[in-house]
Amino acid sequence: RMWSPPATLSLFLLLLLLGQTPPCRPQSLGTKKLRLVGPGSRPEEGRLEVLHQGQWGTVCDDDFALQEATVACRQLGFESALTWAHSAKYGQGEGPIWLDNVRCMGTENSLDQCASNGWGVSDCSHSEDVGVVCHPQRQRGYFSERVSNALGPQGQRLEEVRLKPILASAKRHSPVTEGAVEVRYEGHWRQVCDQSWTMNNSRVVCGMLGFPSQVPVNSLYYRKIWNLKMKDPKSRLKGLTSKNSFWIHRVDCLGTEPHLANCQVQVAPRRGKLQPACPGGMHAVVSCVAGPRFRSPKVKPWRKESRAEQELKVRLRSGAQVGEGRVEVLVNRQWGTVCDHRWNLISASVLCRQLGFGSAREALFGAQLGQGLGPIHLSEVHCRGYEQTLSDCLALEGSQNGCQHENDAAVRCNIPDMGFQNQVRLAGGRSPEEGVVEVQVEVNGVLRWGTVCSDHWGLTEAMVACRQLGLGFANFAIKDTWYWQGTPEAKEVVMSGVRCSGSELALQQCQRHGPVHCSHGTGRFSAGVSCTNSAPDLVMNAQLVQETAYLEDRPLSLLYCAHEENCLSQSADRMDWPYGHRRLLRFSSQIYNLGRADFRPKAGRHSWIWHQCHRHYHSIEVFTHYDLLTLNGSKVAEGHKASFCLEDTNCPTGLQRRYACANFGEQGVTVGCWDTYRHDIDCQWVDITDVGPGDYIFQVVVNPTNEVAESDFSNNMMRCRCKYDGQRVWLHNCHTGDSYRANAELSLEQEQRLRNNLI
């Protein structure tokens, strides 16, 4: 019987005879992953490669034009394509040429929805590999470049790295900084053959483990230990080393890669089974240097840090975990943000190492960790990977290419595993984010679990507990936890008198009592927390205060309402009302919420207070302090601007106002919006009637008692220098409390003194 071809094949042959290629059937959106590969480190240009059937391959330049490049760029998360490049401009690829004669309409969501010859059907060679150049502006909603997205073809299999300590001193060290490199490959841990191992390889391994740098090891000493183990008949190591499955055979890194999977890695030995595994070699040993925050106090840095390193010119803000946040840089004594145009893992890794962390795990775009306030200092940052600081990299001034704060770049860095997360837990809560805080401490030489005494337990301590748990910020610090049942065997109080500055990595690092002393014993008064992944962050617009300040002599006849609300100095009580006047230092204030959650009053609506004078409800009784201080810090006048009605006075374009005080409306400040108090409303002043001429400090503190949780309390204070000659007033040098210091965490005592104006 004669064989007859199936109908689909007949159609295929007919089209070939007619000289047409059958269109590739469109597939579902985003079924294929794309990447750009090239010698440069720019994320927006390179050779176009596509992942099909688990293997990366290239695209031929036949018929390829701007429409096809635009579809590819959109699929990669960029807004559009600038151009394309033919004839393997970005180097010849390897593996299959997956697509040829790609023809797009320009409206497709991904390249695999365009017509083509079909997967793997091509008459091209790798000299025709196409490249594309995308516009660096990211699409809205395309948020980050992650290490997992950046992994090479073997990236699905090279998973983790760890150091196995060999020396007794290294085993005692926390975190482990020195040991044999082990790589997790297809679910199993393998050691790496040290033949042709370089310091560049060590740098990548240390970066993945959260360490900024590496130092050479004493290889002769380690070789001696290795040889002893090989001679020991009881050692399992000798048998294991003869197996190829024990080894990763060769690693070749440039030193700038964010992950070992980006390096050239040879997992199997070269062809020919007779070749022994790692002949004459031993396991690669690496020694890393921990950043200042992760060193034990006893460990001295291996080199003296320069003054520039001690006074960092970069910082991270609004991150829920250690080593993550919005990137801010100090230029001309003013902090500003970095635009996300061309921001990538290599530049982010330079920043992470500068801050004492490892390489970057994720480079984030689109103000994902909150928008900054003030200047945008840098844009199109382009690092090669070996720079010491971000300022050594090429960059444009932020104002040069129309960046807005909605383009603020952020980062998540690799940090060392200190083991702190295993020394704290929550028990009895309704969700995993809340409960009684239980800690593990050493009691009489034995590790024991127990509770924390809630004397002095506040939001700062709760913040440290939530960070240690990996749960972000504290929403509430709870002193009364009788309704949460803790773990029965951990009922005893093992920690009391806890006082944290807020920068600690664990409660065990905070100050606390030697012998435990808790005024109310165990049980219902154990410390508890409620954690959240996002928090508000209020910042006063210092520039506006400086520009709007003026003096007014206001008649007492217009101040009855303000007097009733305690907005005048005490000497006003002794005046002959309604005759006379008060001298007021007036100004406008604009309070931005730059965090990642709405700022809401702690008090429920049932407890808001109606103010008949001003005819609205006040939802928060102590929201700001307005004070005039002498240069040595003692208070000479205050504004008594205690109670507030919170609302969105203005929001940026495209953002809806959600909170309004009128008609008993909901109160709060939406993320990105601001609450404005104009200079001409009651109580928006400091009463300086009793103040003599001189030089002073004008100070405003927002959320002064830390009643509502925020991601950053260091920027809640704003200060200006104030000159008063008896007739006129000048405010100058207005700045928020975190403006001039990179290490903005004030010590607990300083913070308390500033809050209480007792410098």
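Rules used in this analysis
- Residues numbered from 1 in each chain as written.
- Predicted model: local features only at pLDDT ≥ 70, side-chain atom pairs only at ≥ 80, totals over all residues.
- Heavy atoms only, no water.
- Helix = DSSP H or I, 4+ residues; strand = E, 2+ residues; numbered from the N terminus.
- Buried < 20%, exposed > 50% of the residue type's maximum accessible area, 1.4 Å probe, protein only.
- Contact = heavy atoms within 4.5 Å.
- Areas by Shrake-Rupley, 256 points an atom, 1.4 Å probe, with all protein chains shown as cover.
- pLDDT = per-residue confidence, 0-100.
- Pairing = 2+ DSSP bridges.
- Axes fitted to C-alpha atoms, helices over the stretch in contact; angles between N-to-C directions.
- Core = buried A, V, L, I, M, F, W, Y, C linked by side-chain atoms within 4.5 Å.
- Salt bridge = Lys/Arg side-chain N within 4 Å of Asp/Glu carboxyl O.
- Patch = residues over 30% accessible without salt bridge, like charges linked within 9 Å, V, L, I, M, F, W, Y side chains within 5 Å.
- Lys, Arg positive; Asp, Glu negative; His and termini not counted.
- Charge placed at Lys NZ, Arg CZ, Asp CG, Glu CD.
- Polar contact = N/O pair within 3.5 Å; in protein donor to acceptor, adjacent residues only side chain to side chain.
- Disulfide = S-S within 2.5 Å.

You'll find the protein entered in an unreviewed UniProt entry as Lysyl oxidase homolog 4, with Marmota marmota marmota given as the organism.

A.B. asks: So what's going on with the overall build of the protein? Which residues, and what values?
C.D. replies: On a plain count of helices and strands, the protein comes out with 13 helices and 41 strands. Taking all 759 residues of the protein together, 52% fall into the buried category. A sequence separation of at least 24 residues applies to 72% of the contacts in the protein between residues at least 6 apart. A total of about 36300 Å² of accessible surface is found on the protein, and carbon and sulfur atoms cover 51% of it.

A.B. asks: I'd love a proper account of the confidence of the model for the protein, names of residues and values included.
C.D. replies: Looking at the protein as a whole, its pLDDT mean stands at 82, while 85% of the residues score no less than 70. Note on residues 299-310: pLDDT is under 50 here. Beyond four places in sequence and across chains, it has 9 contacts. The low-confidence segment residues 740-759, where pLDDT is below 50, has 41 contacts with residues more than four positions distant or belonging to other chains.

A.B. asks: For the sheet that holds strand β39 (residues 694-702), give the residues involved together with the corresponding values.
C.D. replies: Consider a sheet: its strands pair through backbone hydrogen bonds, and that pairing is either parallel or antiparallel. Across the sheet, 5 strands lie side by side as β36-β35-β39-β40-β41; this open sheet has antiparallel pairing. With partners counted over all chains shown, the strands left at the sheet margins are β36 (635-638) and β41 (729-736), one partner each. The sheet shows a mean angle of 25° between the axes of neighbouring strands, taken without regard to direction.

A.B. asks: Hey, could you go over the nonpolar core for me, with residue numbers and the actual values?
C.D. replies: With 57 residues, the main nonpolar core has L260 and W343 as its most contacted residues. A total of 5 residues in this core trace back to one element, the largest contributor, which is helix α9 (residues 345-354). What L260 contacts, discounting residues up to four positions off in sequence, is L158, V161, V183, V204, V205, M208, V251, C253 and V265.

A.B. asks: Which residues make up the side chain of E461, and what are the values?
C.D. replies: As for its placement among the helices and strands, E461 is situated in helix α10 (residues 459-469). Contacts of E461, omitting those with residues within four sequence positions, involve H456, V498, R499, C500 and L507.

A.B. asks: Talk me through helix α5 (residues 199-208); I want residue IDs and the actual numbers.
C.D. replies: The buried count for α5 comes to 8 of 10 residues, which makes it a mostly enclosed element. As for α5, its buried residues are in contact with β8 (158-164), β9 (178-185), β11 (213-215), β13 (250-252), β15 (285-289) and α9. Looking one or two residues beyond α5, the residue adopting positive phi is G210, at roughly 95°.

A.B. asks: So what's going on with the pattern of salt bridges? Which residues, and what values?
C.D. replies: Applying the stated criterion to the full structure yields 25 salt bridges. Note that K723 and D695 form a salt bridge whose closest N and O atoms lie 3.9 Å from each other. Of the two residues, K723 sits in strand β40 (residues 717-724) while D695 sits in strand β39, which places them 28 residues apart along the sequence. Here the salt bridges share partners, and the residues they tie into one network are R35, R47 and E49.

A.B. asks: How would you sum up α9? Please name residues and give values.
C.D. replies: Extensive coverage of α9 is indicated by the burial of 10 of its 10 residues. Listing the buried residues of α9 in full gives L345, I346, S347, A348, S349, V350, L351, C352, R353 and Q354. Count one or two residues on from α9 and you reach G356, which has phi positive near 90°.

A.B. asks: Explain the environment of E397 to me, using residue names and the numbers behind them.
C.D. replies: Within the fold, E397 resides in strand β21 (residues 394-397). Among the residues examined, E397 registers a relative accessible area of 52% and is labelled exposed. Linking E397 and E380, residues 17 residues apart in sequence, is a C-alpha distance of 8.5 Å. Excluding its chain neighbours within four sequence positions, the residues that come into contact with E397 are H377 and S379.

A.B. asks: Describe a positive patch on the surface, naming the residues involved and giving the relevant values.
C.D. replies: A grouping of K164, K171, K229, R236 and K243 is seen on the molecular surface, where their side chains present a positively charged patch. With respect to the secondary-structure elements, K229 resides in helix α6 (residues 219-231).

A.B. asks: For the pairing of strand β6 (residues 131-134), give the residues involved together with the corresponding values.
C.D. replies: Neither face of β6 is open: one carries G131 and V133, the other V132 and C134, and all of them are buried. Inspection of the sheet shows strand β2 (residues 45-52) paired to β6 by 3 bridges, in the antiparallel sense. Bridged to G46 within β6 is V132. Bridge analysis of strand β4 (residues 81-85) against β6 gives 4 bridges, and the strand direction is antiparallel. Within β6, the residue paired with T83 across the bridge is V133.

A.B. asks: Run through the environment of H259, naming residues and quoting values.
C.D. replies: For H259, the position within the fold is in the loop between β13 and β14 (264-266). Relative accessible area serves as the criterion here: at 9%, H259 is assigned to the buried category. Distance from H259 to L158, taken between C-alpha atoms, is 9.3 Å for residues 101 residues apart in sequence. One polar contact links the side chain of H259 to the main-chain amide nitrogen of A261, over a distance of 3.0 Å.

A.B. asks: Account for the state of the cysteines, with residues named and values stated.
C.D. replies: Overall, the coordinates contain 15 disulfides when judged by the stated rule. Here C339 pairs with C403 through a disulfide, and the sulfurs are 1.9 Å apart. Disulfide C339 to C403: torsion about the S-S bond roughly -60°, handedness left-handed. Residue C339 is located in the loop between β18 (334-338) and α9, and its partner C403 is located in the loop between β21 and β22 (410-413); the two are separated by 64 residues in the primary sequence. Each member of the pair C339 and C403 is classed as buried. Each sulfur in the disulfide pair C651 and C673 lies 2.1 Å from the other. Measuring the twist about the S-S bond at about 105°, one finds the C651-C673 disulfide to be right-handed. Linking C651 in the loop between β36 and β37 (674-677) with C673 in the loop between β36 and β37, this pair joins segments that are 22 residues apart in sequence. Just so you know, C722 is unpaired, no disulfide at all, and the nearest cysteine sulfur is the one on C720, 8.2 Å from it.

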